[in-house]
Amino acid sequence: MKIEKIGVIGAGTMGNGIAQCFAVAGFAVVMQDLSAAALERGRAAIETSLARQVKKGALTEAEAADALSRITTATELTTMADRDLVVEAIVERLEVKTQVLKQLDAICGAQTILASNTSSISLTQIAAASAHPGRVIGMHFFNPVAMMQLIEIIRALQTTDEVAQAVTEVARAIGKSPHASSDSYGFVVNRLLVPFINEAINCVHEGVATPQDVDAMMKLGANHPMGPLALGDLIGLDVVLNIMETLCQGFDDPKYRPSPLLKQMVHAGWLGRKTGKGFFDYPG
């Protein structure tokens, strides 16, 4: 199963990062989003990221230009028709992902691999919506995509061995380290990481310590490069809440109950870096 042509659905932070990684590795990429403005922002983000890599010496100016030339953008989902692999990086909601998957079933050939960048939703549930569930798999990239080496490869119960092998190989081809997780809510990283962030939020909610002290203690006492609250701000507190709700509902276990403060901050629109305010302020 040869993968040459890539489709990426969603031009947001994860989508444009995924498109960039494939393009830098030499793959032809179509990045699709319903909004032309979102595509413009996504392409601008890729240009900025590539320029940063040139400045660091990771790429030459010619290599960056070549990578950018391999990325085309489109607002129509029909542009996915000739792709060998389509990676969706859209909102973390099962009903939205399955709706797009059904559309792709009608657009793409039966051999096209359909991968989801879901961070917590059951791949078996997602695959069940497809007419060809054996071709559905999880490719969970991490933010910032250009820098983070891990891709969690998550097989649905229905995923074929051939699809799993092809996706593992293409992950290595773009310079990433693929590691397999079975289909369990949150998989490995977020099942461990997000409850940790949630408990740090509870420490603030209960008045145990300030956000500054919580993060300082975890950096100084546990040798973490970033405190859990700053990490939550980086991920996006809305994403943290979505994952906690998925874990809580999926496992039917109150230990995954989202912190009341986390809910309040999301309701207030204080989502972290992307809104300029979370547990810390991000001017500009």
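Reading guide: rules and limits
Residues numbered from 1 in each chain as written. Predicted model: local features only at pLDDT ≥ 70, side-chain atom pairs only at ≥ 80, totals over all residues. Heavy atoms only, no water. UniProt positions renumbered as here; feature names shortened; annotations may be inferred. Contact = heavy atoms within 4.5 Å. Core = buried A, V, L, I, M, F, W, Y, C linked by side-chain atoms within 4.5 Å. Buried < 20%, exposed > 50% of the residue type's maximum accessible area, 1.4 Å probe, protein only. Helix = DSSP H or I, 4+ residues; strand = E, 2+ residues; numbered from the N terminus. Expected span 1.5 Å × (residues − 1).

The name an unreviewed UniProt entry assigns to the protein is 3-hydroxybutyryl-CoA dehydrogenase, from the organism Aquamicrobium lusatiense. Taken from UniProt, the Sequence similarities (unreviewed entry) comment for the protein reads in full: "Belongs to the 3-hydroxyacyl-CoA dehydrogenase family."

A. Region of interest: the UniProt feature "binding site: CoA" (unreviewed entry) in the protein. In this structure's numbering, the residues bearing the UniProt feature "binding site: CoA" (unreviewed entry) are Ser49, Lys56 and Ser119. These annotated residues cover 71 residues of sequence, and their C-alpha atoms reach 29.5 Å apart at the extremes, leaving them scattered rather than at a single site. Setting aside its immediate chain neighbours within four residues, Ser49 contacts Gln20 and Ala146.

B. Structural context of the nonpolar core. Judged by nonpolar contacts, the single largest core of 39 residues is most densely connected at Phe22, Leu85, Met139 and Phe141. If near-sequence neighbours (up to four positions away) are discounted, Phe141 is found in contact with Met14, Ile18, Phe22, Val87, Asn117, Leu150, Ile151 and Ile174. Core analysis: the next-biggest nonpolar cluster, separate from the first, contains 24 residues, Val194, Ile201, Leu241 and Ile243 among them.

C. How the structure looks around helix H10 (residues 237-251). For H10, built from 15 residues, the straight-helix expectation of 21 Å at 1.5 Å per residue is met to within 8% by its first-to-last C-alpha distance of 21 Å. Along H10, the residues classified as buried are Leu237, Val240, Leu241, Ile243, Met244, Thr246 and Leu247. Contacts from the buried residues of H10 go to helix H7 (189-205), helix H9 (228-235) and helix H11 (260-268). Asp252 sits one or two positions beyond H10 and adopts a positive phi of about 50 degrees.

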